[in-house]
Amino acid sequence: MNRNDATKQFHSGGDRLAELIDGSHPVELPTPDTDTPMVSRSVRLPLETYERVRAAAEARDIGVTTLMRQWIEAGLADLDESTTVSLADVRRALAALSRPTAA
């Protein structure tokens, strides 16, 4: 049965659609990539930003959601005050070291 036939069957109110669903093959759902419970949130991004994130994820051979989760976790680590030196300070120091100095 194609989609149009299934739609007609649904709208006609017959029991045939239920029989088709009962007789269908089980679908394998994807295995989660983590054992940690996750919360789904919607984030609105400008198209250009999303395309940059998608390209960065593809370059790392990971999914967009995984890369965004990594960035959020890194940003939160920057806010962690329990460390002796904040990660943000370390990154700034490394960035300063990698810049050429004027002679």
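The structure this text deals with has already been given above.
Since this is a predicted model, take the numbers as computed values, not measurements.

Trainee: Tell me about the overall build of the chain, and please be specific about residues and values.
Mentor: What the chain contains, in helices and strands, is five helices and zero strands. Seen in sequence order, the chain has helices and strands lined up from the N terminus as α-α-α-α-α. Surface exposure of the chain reaches about 9,500 Å², of which carbon and sulfur atoms provide 55%.

Trainee: So what about the nonpolar core? Which residues, and what values?
Mentor: Within the largest apolar cluster, five residues are counted, these being V53, A56, A57, V64 and L67. Elements supplying a minimum of two residues to this core: α3 (47-60) and α4 (64-79). The element that contributes the greatest number of residues to this core is α3, accounting for three residues. Dropping the residues within four chain positions of it, A56 is found in contact with L67 and W71.

Trainee: Help me get a handle on a nonpolar patch on the surface, residues and values and all.
Mentor: Taken together, the side chains of V85, L87, V90, L94 and L97 define a hydrophobic patch exposed on the protein surface, amounting to about 450 Å² of accessible area. Here V90 lies in helix α5 (residues 87-98). We classify V90 as partly exposed; its relative accessible area is 34%.

Trainee: Please provide a residue-by-residue account of the layout of surface pockets, values included.
Mentor: There is about 370 Å³ of room inside the largest pocket. Lining the largest pocket we find M38, V39, S40, R41, V43, L45, Y50, V64, T65, M68, R69 and I72. Here the element with the most residues in the lining of the largest pocket is α4; it accounts for five residues. Tallied by class, residues from the lining of the largest pocket come to eight nonpolar, two polar and two charged.

Trainee: Before we move on, can you summarise the packing of α4 against α5 with the specific residues and values?
Mentor: Running from N to C, α4 and α5 point in directions that differ by 100 degrees, and their axes come no closer than 6 Å. Judged by the inter-axis angle, α4 sits roughly perpendicular to α5. Contact residues: A74, A77 and D78 in α4; L87, A88 and R91 in α5.

Trainee: Would you mind going over the pattern of salt bridges in detail, with residue names and values included?
Mentor: Pairing between side chains becomes possible if they bear opposite charge and their charged atoms approach one another. Going through the model one piece at a time under the given rule, you end up with two salt bridges. The residue E51 makes a salt bridge to R54 at a minimum N-O spacing of 2.4 Å. Of this pair, E51 and R54 both sit in helix α3, three residues apart, which is roughly one turn of the helix. Residue classification places E51 among the partly exposed residues on the basis of a relative accessible area of 31%. The partner of R54 in a salt bridge is E58, and the shortest N-O contact between them spans 2.8 Å.

About the thresholds
- Residues numbered from 1 in each chain as written.
- Predicted model: local features only at pLDDT ≥ 70, side-chain atom pairs only at ≥ 80, totals over all residues.
- Heavy atoms only, no water.
- Helix = DSSP H or I, 4+ residues; strand = E, 2+ residues; numbered from the N terminus.
- Areas by Shrake-Rupley, 256 points an atom, 1.4 Å probe, with all protein chains shown as cover.
- Core = buried A, V, L, I, M, F, W, Y, C linked by side-chain atoms within 4.5 Å.
- Buried < 20%, exposed > 50% of the residue type's maximum accessible area, 1.4 Å probe, protein only.
- Contact = heavy atoms within 4.5 Å.
- Patch = residues over 30% accessible without salt bridge, like charges linked within 9 Å, V, L, I, M, F, W, Y side chains within 5 Å.
- Salt bridge = Lys/Arg side-chain N within 4 Å of Asp/Glu carboxyl O.
- 1 Å grid on protein atoms, 1.4 Å probe; cavity = no way out; pocket = protein on both sides within 12 Å on 5 of 7 lines; lining within 4 Å.
- Points joined across faces, edges and corners; volume = space filled by probe spheres on them.
- Nonpolar A, V, L, I, M, F, W, Y, C, P; charged D, E, K, R; others polar.
- Axes fitted to C-alpha atoms, helices over the stretch in contact; angles between N-to-C directions.
- Parallel < 35°, antiparallel > 145°, perpendicular 65-115°, else oblique.

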